[in-house]
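# Structural overview
Here's the letter readout for the chains.
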Amino acid sequence: MRALTWHGRHDVRVDTVPDPEIVNPRDAILKITSTAICGSDLHLYDGYIPTMRAGDVLGHEFMGEVVETGARSTLQKGQRVVVPFTISCGNCFFCNKQQYSACDNSNPAETADMSELLMGHPMGAAFGYAHLTGGYAGGQAEYVRVPYSDVGPIVIPDGLPDDQVLFLSDILPTGWMAAENAGIEPGDTVAVWGCGPVGLFAIQSALIMGAARVIAIDEYPRRLQLAKELGAEIIDYREVNLLEALTEMTGGIGPDAVIDCVGMESHGLTVDNVVDTVKAHTFLGTERPHALRQMIIACRKGGRVSIPGVYGGFADKFPLGQLMEKGLTIKSGQTHVQKYTKPLLDLIQQGKIDTTFLISHHAGLELAPEMYRHWHDEQNTYTKIVLKPGMVGCEQIAGGRGEQQEPREQRDLQPRAPELVG
Amino acid sequence: MAEAQPNQPERIKERDSSIDRATAQKALLAGGIAAAAAGAAFLLARKSNATAPDGPVISDAPAWTLKKATKQADRPIAAKTLLIGRPRAELYAVWKDYRRFPDFMENVEGIEPADEGASRWTIKAPAGKTVTLVTRIREDIPDRKISWESLPESDIETSGQVEFEDAPGGRGTFVSLVMSYAPPAGRAGQLVAKLFAREPNIQARHDLRRFKQLMETGEVTTNASPSARPSESPAQPRV
Ligand SMILES: NC(=O)c1ccc[n+]([C@@H]2O[C@H](COP(=O)([O-])OP(=O)(O)OC[C@H]3O[C@@H](n4cnc5c(N)ncnc54)[C@H](O)[C@@H]3O)[C@@H](O)[C@H]2O)c1
Ligand SMILES: [Zn+2]
Ligand SMILES: [Zn+2]
């Protein structure tokens, strides 16, 4: 089959590789119909995540048709399913607590050992990511092997097009959990750093959960426009003094909750960030937590810090005293995707959540390397890329469905979404 | 058991003199995380520099977590506890049935019954060799504990035990695997031991983890899947 493979920093290729096979009884094989490129893939592309190996198949946001099942799979051939990017057994201590991304069994013994050395405990596994998290082939390919297919994949009812459900695999639940981790209370002002796909879905979720106001921060006009169309106020951090602006916009209080949808590759030409960049490239440190530092300074006393943005190891100059003295609460983590797929699918079917507004491009799998380049270099224009193995060429989509949103006053009166307990 | 250490190399069967691929790949991978693990190693190093207090031991932790080791030779080569979310009796029953060991012990090629209730093991050793181990059960407390030791005709001298204890809070069972092994005699034996000093330890930890996977999920986890590396098959685990 054809698959997008990683060969090094800024070097991804479409190669011919063997087809996946059923190995364990709970496995299924999917024929991929849609697969997206994620901000997390950029961290791999930029070479910031250790334990990648040349030849790894990437892709953790995918859906497709079941074409083969193991003896203990509950799926049936022909079903359309979306697959959570987190690989979770459904049986262990963590899965039973619905902390699926912490699954204790999905990371094979050898790679679990490595991550235990680095993190203190073995990490759960994910598709198409580093070997620390299992080294499983991903879904930017024609076919993929899905372990534990009896608990992970969610079957999609007929009539829902791929674009409406594909993001159940990662960024939609990630934005939702990010907002949930912000512990939003009625009347809250929530500030969201980063208006990539994760930030945009965090904004949408925060408003559904009853935030009175969301302030979205980025530097790309197109991404900020999408945030505005969702109902957020926006700040271009190149234009204004960000910390001062946030204090002024909240009458000296500061945002009640701050959400980091940037992660380890924060932009910004400040001294701390330049030093971090040099260190990250020399593996002396792995993070550039410039945005996270700002968030902790900006957050109100007694406020909440939610971190869906990905970090990989040790950070320097972390404002620990500020965190303590201000009495902040931090919540973070890889998303427990399996916990959210069903309730979020319901909200999609009820028309309460739109997932298509941010898709800027569809492209064939063969164009994937070019799309990675665009996704990396032209973040203003490329707001979300969906690859379709069957498609030839590339199609730009007129995005921005913001005009369908209700006026702000009305939305603020909406009841809070029902608690999502899977 | 699976963490066999060749201490009598003259009895080890040569199968392949080239370093096997798996070992080479493990080395590569280890290099890859070395940089990122440097920070963690730093923390660990700091920890072990601290001095242990003199006097009687007051901690309620297992003996193998003591900083002040008794003689190195007395220390278990591997000791690890994992929570397994299954009842004690069920776990004991599977561990009692040695025919199931190859299901979760990667390096065990086969086990046959030997004289007087003993079992004869064929174990894969590093660099494509095999070792033979003959063990007898030393202690067997149903649903709680099994211990064993090697008999003189074995290639290696080893002993071990597995204990099953109810985890607090109804969470399942704590399974503790403790293995010891005597350093091999002879210069050649010591060389081999030095080369693979960590191997038995790692192997035991992996086997316990696979046992947990098998008991909780019904299968042993594998990342077998396609890659663009020609040496790999999509049906084989990737190191
Ligand atoms: N927790 C999870 O399970 C999970 C899942 C998916 C993605 N993620 C992570 O979430 C993060 C965002 O993902 P994405 O797909 O939206 O990525 P993205 O790269 O498309 O978006 C990041 C955005 O942050 C903006 N940004 C950079 N520096 C900034 C700064 N200093 N202040 C404000 N904005 C800044 C960028 O301009 C960009 O628009 C990544 O780190 C990704 O790895 C986490
Ligand atoms: Zn993603
Ligand atoms: Zn699990």
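If you're wondering where the values come from, they're calculated on a predicted model, not measured in any experiment.

## Digging into the coordination of the zinc ion (ligand 2)
Residues and elements named next belong to chain A.
- Cys38 (SG), His60 (NE2), Glu61 (OE) and Asp170 (OD) make up the full set of protein donors to the zinc ion (ligand 2), lying at 1.8 to 2.3 Å.
- Around the zinc ion (ligand 2) sit four donor atoms; with metal-centred angles ranging over 89 to 135°, the donor geometry is tetrahedral.
- In primary sequence terms, the donor set of the zinc ion (ligand 2) follows C-x21-H-E-x108-D. Taken together, the residues span a long stretch of sequence, with Glu61 in strand S5 (residues 61–69) and Asp170 in the loop between helix H4 (162–165) and helix H5 (171–181) at a distance of 109 residues. For the residue pair Glu61 and Asp170, the accessibility class agrees, reading buried in each case.

## Looking at the coordination of the zinc ion (ligand 3)
Residues and elements named next belong to chain A.
- Protein coordination of the zinc ion (ligand 3) is provided by Cys89 (SG), Cys92 (SG), Cys95 (SG) and Cys103 (SG), with donor distances spanning 2.3 to 2.5 Å.
- What the four donor atoms of the zinc ion (ligand 3) show is an angle range of 100 to 116° at the metal, which sorts the shape as tetrahedral.
- Every donor residue of the zinc ion (ligand 3) comes from the same chain, spaced as C-x2-C-x2-C-x7-C. Placement of Cys89 in the loop between strand S7 (86–87) and helix H2 (93–96) and of Cys103 in the loop between H2 and helix H3 (109–119) is noted, with a sequence separation of 14 residues between them. In terms of burial, Cys89 and Cys103 fall into one category: buried.

## Re the sheet that holds strand S2 (residues 11–16) of chain A
All names here are of chain A.
- The sheet built from three strands is open, its strands ordered S2-S1-S4 with antiparallel pairing. The sheet is open, and its two borders are formed by S2 and strand S4 (56–57), each paired with just one other strand.
- Summarising the sheet, strand S1 (residues 2–8) and S4 pair through two bridges and their orientation is antiparallel. When the bridges of S4 are listed, Trp6 appears paired with Asp56.
- Those strands touched by helix H13 (residues 368–377) are S1 and S2, and its axis lies near 160° from that of S2.

## Points about the site of ligand 1
Residue and element names in this part refer to chain A.
- Taken together, 33 residues sit near ligand 1, with Ser40, His43, Asp218, Arg223 and Pro308 positioned nearest.
- A distance of 3.1 Å is found between an oxygen atom of ligand 1 and a backbone nitrogen or oxygen belonging to Val198.
- For ligand 1, an oxygen atom lies 3.2 Å from a polar atom in the backbone of Val262.
- Taken by itself ligand 1 offers 870 Å² of open surface, and the protein chains cover 97% of this.
- Listing elements by their share of the shell around ligand 1, those giving two or more residues are helix H1 (39–45), helix H6 (197–208), strand S12 (213–218) and helix H10 (290–298).
- Considering every element that reaches the shell around ligand 1, the biggest residue donor is H1, with four residues.
- Looking at side-chain class alone, the shell around ligand 1 contains 15 nonpolar, 15 polar and three charged residues.
- Built from parts of two domains, the shell around ligand 1 gets at least three residues from each of domain 1 (2–170 + 336–401) and domain 2 (174–333).

Parameters and conventions
Residues numbered from 1 in each chain as written. Chains lettered and ligands numbered in written order. Predicted model: local features only at pLDDT ≥ 70, side-chain atom pairs only at ≥ 80, totals over all residues. Heavy atoms only, no water. Donors = N, O, S within 2.8 Å, 3.2 Å for Na, K, Ca; no water. Tetrahedral: all angles 85-135°; square planar, octahedral: opposite > 155°, others 65-115°. Helix = DSSP H or I, 4+ residues; strand = E, 2+ residues; numbered from the N terminus. Buried < 20%, exposed > 50% of the residue type's maximum accessible area, 1.4 Å probe, protein only. Pairing = 2+ DSSP bridges. Contact = heavy atoms within 4.5 Å. Axes fitted to C-alpha atoms, helices over the stretch in contact; angles between N-to-C directions. Near = heavy atom within 4 Å. Polar contact = N/O pair within 3.5 Å; in protein donor to acceptor, adjacent residues only side chain to side chain. Areas by Shrake-Rupley, 256 points an atom, 1.4 Å probe, with all protein chains shown as cover. Nonpolar A, V, L, I, M, F, W, Y, C, P; charged D, E, K, R; others polar. Domains from an automatic or database assignment.

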